[in-house]
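# Inside the fold
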Amino acid sequence: HLQTVPEKEPHHTGSTWVIGITQILWEHMRKNWNSRNEARHGHDSAAKEAKLLEQAKREIELLYSYKNQVRPVDQHPFYPTLDEHFAQETT
């Protein structure tokens, strides 16, 4: 790191070292964060839309796992099967 410190400084202090290390760590953490976000949420609008659809399907599957635990009067939003739901509800 000390090689990247501008030479105009007369000497390398502990503060200079801490600032430099903090900047290096921050840059690496930010790159990892961006990489993780792109993997999780998609890197372009088409990929983001696909990721959102995947998440919606997982949430619907979870809701269907509770289908038999709700009162019959509250079962009206459910299709007979999950496959029928996905076939009918495309938007």
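Residues numbered from 1 in each chain as written. Predicted model: local features only at pLDDT ≥ 70, side-chain atom pairs only at ≥ 80, totals over all residues. Heavy atoms only, no water.

Bringing the overall build of the protein into the picture now. The number of helices and strands found in the protein is 3 helices and 0 strands. When each of the 91 residues of the protein is scored for burial, the buried share is 9%. Within the protein, contacts between residues at least 6 apart in sequence are counted, and of these 10% link residues at least 24 apart. Here the protein displays about 8100 Å² of accessible surface, and carbon together with sulfur accounts for 56% of that area. (Helix = DSSP H or I, 4+ residues; strand = E, 2+ residues; numbered from the N terminus. Buried < 20%, exposed > 50% of the residue type's maximum accessible area, 1.4 Å probe, protein only. Contact = heavy atoms within 4.5 Å. Areas by Shrake-Rupley, 256 points an atom, 1.4 Å probe, with all protein chains shown as cover.)

Below, the discussion takes up a nonpolar patch on the surface. The grouping of Leu-25, Trp-26 and Met-29 at the surface amounts to a nonpolar patch, some 370 Å² of accessible area in total. With respect to the helices and strands, the residue Met-29 is situated in helix H1 (residues 14-41). On the basis of relative accessible area, Met-29 is assigned to the exposed category, the value being 53%. (Patch = residues over 30% accessible without salt bridge, like charges linked within 9 Å, V, L, I, M, F, W, Y side chains within 5 Å. Salt bridge = Lys/Arg side-chain N within 4 Å of Asp/Glu carboxyl O.)

Right, let's get into H1. Taking 1.5 Å as the rise per residue, H1 with 28 residues should run 40 Å; its terminal C-alpha atoms sit 40 Å apart, in good agreement. After H1 finishes, the residue Gly-42 shows a positive phi value of roughly 95°. (Expected span 1.5 Å × (residues − 1).)

It is at 8 Å that the axes of H1 and helix H2 (residues 45-65) come closest, and there the two elements cross at 65°. When H1 is examined against H2, the residues Ala-39, Arg-40 and His-41 are found in contact with a partner set consisting of Ala-47, Lys-48 and Lys-51. A breakdown of the residues in the contact of H1 with H2 according to their chemical character gives 2 nonpolar, 1 polar and 3 charged. (Axes fitted to C-alpha atoms, helices over the stretch in contact; angles between N-to-C directions. Nonpolar A, V, L, I, M, F, W, Y, C, P; charged D, E, K, R; others polar.)

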